[in-house]
Amino acid sequence: MIATEKKTMKGIDCQHWINGKYVPTKNGKTFDNINPATEEVIGTVALGGAEEVNEAVVVAKKALKGEWGSLPLRKRSAILRKIGDLILERKDELAMLETLDTGKPLWMSKTIDIERAAFNFHFFADYMISAQDEAFHQDDIAIHYTKRKPLGVVGLINPWNLPLLLMTWKLAPALAAGNTVVMKPSEVTPMTATVLAEITKEAGLPDGVVNLVNGFGEAGAALSNNPDVSGIAFTGETVTGSAIMKASAPTLKKLSFELGGKNPNVIFADADLDDAVTTTIRSSFQNQGEVCLCGSRIYVERPIYEEFVAKLVAKTKKLKVGDPLDDTSNMGSVVSEEHFNKVLSYLELAKEEGGKFEVGGGKVEGIEKGFFIEPTIITGLGDNARCVREEIFGPVVTIQPFDTEEEVLEKVNDTNYGLSATVWTTNLKKAHTFAGKIEAGIVWINTWFLRDLRTPFGGMKHSGIGREGGHNSIEFYTETTNITVKL
């Protein structure tokens, strides 16, 4: 894990985007945007709050009644497809901005984040054309049919780990359903959302349909409690989701939350061991472990426990952590100094709890600047250890042995979270039966992070409210009227 010499590059200054143009904060305040791989200031960000959010909501509400509100579906679909095309045309620029903001490897930004962001628009552009409403013929008495309408002005509050990918995952279906939007990107990763707003206008979106306000918690709270915002779609940590729910309660707006996870990987003794090890490397350390779906609790059946640990450790030692602009780097830096310190605090806690570091365990040596953490595998922790129970959201996994299906199922479900899980076995009956007993929104069998955008995506318990994807997204971003015609 040797880092190469890091390059430096300037980002962009980020203003708000309201009514089809960039605007500064009314009081002129800004804050610095830091490259986590170099600790250098790469730009400034307008510091918005309630005043800017309320202005954006007024603009969005007006746009809902304008040209956008009467645009035929096929023309709306064509604009969405054009947005996806323009994202791909600007892929190199967007990938660089994403890497400068997040610290992730540039190759990952190009091949995963930006490609998927474009696909989100292409998918929902097509999906809305084929989406069907319900109709029921009630004997010879009446015909009942449904008509979908846009939800209204929707607030999109986004996290920092996959900034453009996750913003488009919400923006594309919101626009496909005919809504207008106020986006609030994470304060530490604002750049690609800023460019995205500009792209939507270039694609032909009328002014005021998409708006963006940068800032901290005040901006998010203003979106949540604004009575003219009909819904909030949020991806992020569970504590913030709870705060948004509380702020939104007086206005009874619709909520869609994809929250935290402490996801289990269960490897049975009859699994394809090499395949399980190779995929577990991805599910543990991709994007520096800063993925809500990462498998951070690994349970291995005892007959293969020692062999699995040895193979996983050997592959982990070959991972290269270093300059995100170096195509040979497997991992970059974590997103910020604050998050860097949080992850390191959990590593210290693991030592106190009696954990054994099979590999990693601290910051990467030999890099003077930047927030780089070693990929870390911890064994020897008990079920109640905080590093086993709490979401770390970094390149840190724990491994524990188990003896029976009943034992491991109890461990898997003994958590407040319920986002995803992965099961490894070549026994088809066992795979289906065990997966069906797991309390999680997504369960993968012999794979990880394989997605079809038509399928429901979301979590149980403290991992979220509602589902996204396919008709689930359309359900959230629309209101349905049932019309009955007496025969």
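This text gives an overview of the structure that appears in the document.

What counts, and where the lines are drawn
Residues numbered from 1 in each chain as written. Predicted model: local features only at pLDDT ≥ 70, side-chain atom pairs only at ≥ 80, totals over all residues. Heavy atoms only, no water. Helix = DSSP H or I, 4+ residues; strand = E, 2+ residues; numbered from the N terminus. Contact = heavy atoms within 4.5 Å. Polar contact = N/O pair within 3.5 Å; in protein donor to acceptor, adjacent residues only side chain to side chain. Core = buried A, V, L, I, M, F, W, Y, C linked by side-chain atoms within 4.5 Å. Buried < 20%, exposed > 50% of the residue type's maximum accessible area, 1.4 Å probe, protein only. Expected span 1.5 Å × (residues − 1). Bend = angle between axes of the 7 residues up to and from the residue. Pairing = 2+ DSSP bridges. Axes fitted to C-alpha atoms, helices over the stretch in contact; angles between N-to-C directions. Phe/Tyr/Trp six-rings, centres within 6.5 Å; stacked < 30°, edge-to-face > 60°. Lys NZ or Arg CZ within 6 Å of the ring centre and 35° of its normal. Parallel < 35°, antiparallel > 145°, perpendicular 65-115°, else oblique. Left-handed = near helix turned anticlockwise from the far one by under 90°. Nonpolar A, V, L, I, M, F, W, Y, C, P; charged D, E, K, R; others polar. Right-handed = clockwise from strand over helix to strand, strands pointing away.

Here the focus is the environment of Asp270. Within the secondary structure, Asp270 sits in the loop between strand 12 (263-267) and helix 9 (273-285). With 147 residues separating them along the chain, Asp270 and Tyr417 place their C-alpha atoms 27 Å apart. Ignoring sequence-local partners within four residues, the contact set of Asp270 consists of Trp424, Thr425, Thr426, Asn427 and Lys430. A polar contact of 2.8 Å, which involves the side chain of Asp270, links it to the side chain of Thr425.

Ranked by internal contacts, the top residues of the largest apolar core, which has 69 residues, are Ile87, Leu175 and Met183. Judged by nonpolar contacts, the second largest core, of 28 residues, contains Phe340, Leu347, Phe402 and Val412.

Moving on, we come to helix 4 (residues 106-130). With 25 residues, helix 4 should reach 36 Å at 1.5 Å per residue; the first-to-last C-alpha distance of 35 Å fits that figure. By the largest-angle criterion, Arg116 marks the main kink of helix 4, which is about 25°.

Read across the sheet, seven strands follow the order 14-15-16-13-12-18-19 without closing on themselves; strand pairing throughout is mixed. A single partner strand is all that each edge strand has here, and the edge strands are strand 14 (356-359) and strand 19 (442-445). If you compare each strand with its neighbour and ignore which way they point, the axes differ by 25° on average. Against the sheet, helix 14 (residues 428-437) engages strand 12, strand 18 (420-424) and strand 19, with an angle of about 165° to strand 19.

A few words on the packing of aromatic side chains. Evaluation of the coordinates by the stated rule reveals 16 aromatic pairs. Here the aromatic rings of Phe31 and Phe216 are separated by 4.7 Å at their centres, their planes lie at 55°, and the arrangement is tilted. On the criterion of sequence distance, the pair formed by Phe31 in strand 3 (residues 30-35) and Phe216 in the loop between strand 9 (210-212) and helix 7 (217-225) is long-range, its members being 185 residues apart. Ring geometry for Trp448 and Phe449: centres 4.8 Å apart, planes at 20°, overall stacked. Overall, the relative accessible area of 23% leaves Phe449 in the partly exposed class. Through a chain of ring-to-ring contacts, three or more aromatic side chains come together here, namely Phe119, Phe123, Phe124, Tyr127, Trp169 and Phe457. The ring of Trp169 has Arg116 lying over it, and the distance from NZ or CZ to the ring centre is 5.3 Å. Looking at Lys430, its charged tip hangs above the ring of Phe268, at a distance of 4.5 Å from the centre.

Once that is clear, we can look at the packing of helix 9 against helix 10 (residues 305-317). How two helices sit against one another is set out by the angle between their axes and by the gap between those axes. Running from amino to carboxyl end, helix 9 crosses helix 10 at an angle of 50°, the nearest separation of the two axes being 10 Å. Taken as axis vectors, helix 9 and helix 10 run oblique relative to one another. Considering how the two elements wind past one another, helix 9 and helix 10 form a crossing that is right-handed. For the pair formed by helix 9 and helix 10, the contact residues are Leu273, Asp274, Ala276, Val277, Thr278, Thr280, Ile281 and Phe285 on the first element and Glu307, Phe308, Lys311, Leu312, Lys315 and Thr316 on the second. Its residues placed into classes, the contact of helix 9 with helix 10 shows seven nonpolar, three polar and four charged.

A separate point is the environment of Gly231. With respect to the helices and strands, the residue Gly231 is situated in strand 10 (residues 231-235). Given a relative accessible area of 0%, Gly231 falls into the buried group. Distance from Gly231 to Ser284, taken between C-alpha atoms, is 33 Å for residues 53 residues apart in sequence. In this structure Gly231 touches Leu151, Val153, Val154, Gly155, Lys253, Lys254 and Phe476, once residues within four positions along its chain are discounted.

Among the five residues that make up strand 10, five are buried, leaving the element largely enclosed by the rest of the structure. Bridge analysis of strand 7 (residues 153-157) against strand 10 gives four bridges, and the strand direction is parallel. Across the sheet, Ile157 pairs through a bridge with Phe234, a residue of strand 10. Pairing of strand 10 with strand 11 (residues 254-258), which is carried by five bridges, proceeds in the parallel orientation. Each bridged residue has a counterpart across the sheet, and for Ile232 the counterpart in strand 11 is Leu255. Handedness of the crossover joining strand 10 and strand 11 through helix 8 (residues 238-248): right-handed.

All we've got here are geometric facts, nothing functional implied.
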